[in-house]
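Summary of structural features
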Amino acid sequence: QVQLVESGGGLVQAGGSLRLSCSASRLTFGSEVVGWFRQAPGKEREFVAAISMSDANTYYAESVKGRFTISGDNAKNTVFLQMNILKPEDTAAYYCAAKNYGATIYHYWGQGTQVTVSS
């Protein structure tokens, strides 16, 4: 079945950077919208960023604009989330997800990778 795998999480000091990766098996990202979401303990999951792989349009939550950059590499079937100027409030489990372009629901989800930002 389709599998999304995130990597790149870890522990970083405030102000630092991390780069998350999301790769897929049995799914080609080329016609998908791939998004990143996060969930902190005791909080609801929230949207972080998304990219339409067919036209490279990107979308960001206000809280990460100017600090995070989402990009995709169709040749590698991988989506990246470059996170700069990290803040303690960015601490969460980060998940990538994919949906068909035009769909309202993300069909496929990864298992998540933990990002912890220390102050």
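Look a little higher up for the structure.
Just so it is clear, the structure is predicted and the values come from calculations on it, not from any experiment. (Residues numbered from 1 in each chain as written. Predicted model: local features only at pLDDT ≥ 70, side-chain atom pairs only at ≥ 80, totals over all residues. Heavy atoms only, no water.)

So, on to the sheet that holds strand 7 (residues 68-73). With antiparallel pairing, the 4 strands of this open sheet are ordered in space as 1-3-8-7. Each edge of the open sheet is held by one strand with a lone partner, namely strand 1 (3-7) and strand 7. Strand-to-strand twist in this sheet, taken as the mean axis angle between neighbours without regard to direction, amounts to 15°. Pairing of strand 3 (residues 18-25) with strand 8 (residues 78-83) involves 6 bridges; the strand directions are antiparallel. Opposite S23, over in strand 8, you have T78 as the bridge partner. (Pairing = 2+ DSSP bridges. Helix = DSSP H or I, 4+ residues; strand = E, 2+ residues; numbered from the N terminus. Axes fitted to C-alpha atoms, helices over the stretch in contact; angles between N-to-C directions.)

Okay, unusual backbone geometry next. Here the phi dihedral of R26 falls at roughly 65°; this positive angle occurs in a residue that is not glycine. Of note, R26 is situated in the loop between strand 3 and strand 4 (32-39). Judged by relative accessible area, which is 69%, R26 ranks as exposed. Of note in the backbone geometry, I85 takes a positive phi value of approximately 50° without being a glycine. Tracing the chain through its elements places I85 in the loop between strand 8 and strand 9 (92-100). (Buried < 20%, exposed > 50% of the residue type's maximum accessible area, 1.4 Å probe, protein only.)

Another aspect to go through is the side chain of R38. Here R38 shows up in strand 4. At a separation of 2.5 Å, a polar atom in the side chain of R38 contacts the side chain of E46. Excluding residues that lie within four positions of it along the chain, R38 makes contacts with E44, R45, E46, V48, S63, V64, F68, E89, D90, A92, A93 and Y94. (Polar contact = N/O pair within 3.5 Å; in protein donor to acceptor, adjacent residues only side chain to side chain. Contact = heavy atoms within 4.5 Å.)

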